[in-house]
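Chain residues, written in single-letter form:
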Amino acid sequence: MARQEARGWYQPSLWQPRYHRPVRKLIKIALIAVGIRALLRWRKSRQATESATTSTAPVPDPADELRRKLADSRDDDGPAETPAPPEASVAERRTEVHEQGRAALDVMKSSDEA
């Protein structure tokens, strides 16, 4: 009997009004509003940068300018003639290279002895 009377004055938390539901709803609405505002600001800044880049004159490509300068310098020099390679046979060229190598070896040996 005492237990039944005790239950009468005790109210479990299930029957108490919950205040956190309206607070959660308010927080959710506030976060959504902040997100929408951030999205609109981002779109506005993006549109501003796009309009700024399209309103200016197109920047010339530096590569085109360098190509033009190179073409002008080639025109000024005229046709540059490359010297023809000497008409030497493979055997003559080989002996020349060997002689240069032996001369370089002799120079190195003489600098070691000194």
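Residues numbered from 1 in each chain as written. Predicted model: local features only at pLDDT ≥ 70, side-chain atom pairs only at ≥ 80, totals over all residues. Heavy atoms only, no water.

Draft legend 1. Region of the structure containing the overall build of the protein. Check the secondary structure of the protein and you find 4 helices and 0 strands. Taken from N to C terminus, the helices and strands of the protein fall in the order α-α-α-α. The buried share among the 114 residues of the protein stands at 0%. When the accessible surface of the protein is summed, it comes to about 11700 Å², and 60% of that surface belongs to carbon and sulfur atoms. (Helix = DSSP H or I, 4+ residues; strand = E, 2+ residues; numbered from the N terminus. Buried < 20%, exposed > 50% of the residue type's maximum accessible area, 1.4 Å probe, protein only. Areas by Shrake-Rupley, 256 points an atom, 1.4 Å probe, with all protein chains shown as cover.)

Draft legend 2. Region of the structure containing the pattern of salt bridges. As enumerated under the stated definition, the model contains 5 salt bridges in all. The shortest N-O distance in the salt bridge between aspartate 64 and arginine 67 comes to 2.8 Å. One end of the pair, aspartate 64, and the other, arginine 67, are both in helix α3 (residues 62-77), 3 residues apart, so they sit about a helical turn from each other. Classification of aspartate 64 by relative accessible area gives partly exposed; the value is 44%. Here arginine 93 ties to glutamate 96 by a salt bridge, and the two come within 3.4 Å at their closest N and O atoms. With arginine 93 and glutamate 96 both in helix α4 (residues 90-113) and 3 residues apart, the pair spans about one turn of that helix. (Salt bridge = Lys/Arg side-chain N within 4 Å of Asp/Glu carboxyl O.)

Draft legend 3. Quick peek at a nonpolar patch on the surface. Taken together, the side chains of Val23, Ile27 and Leu31 make up a nonpolar region of the molecular surface, amounting to roughly 280 Å² of accessible area. Within the secondary structure, valine 23 is located in helix α2 (residues 20-55). Residue classification places valine 23 among the partly exposed residues on the basis of a relative accessible area of 40%. (Patch = residues over 30% accessible without salt bridge, like charges linked within 9 Å, V, L, I, M, F, W, Y side chains within 5 Å.)

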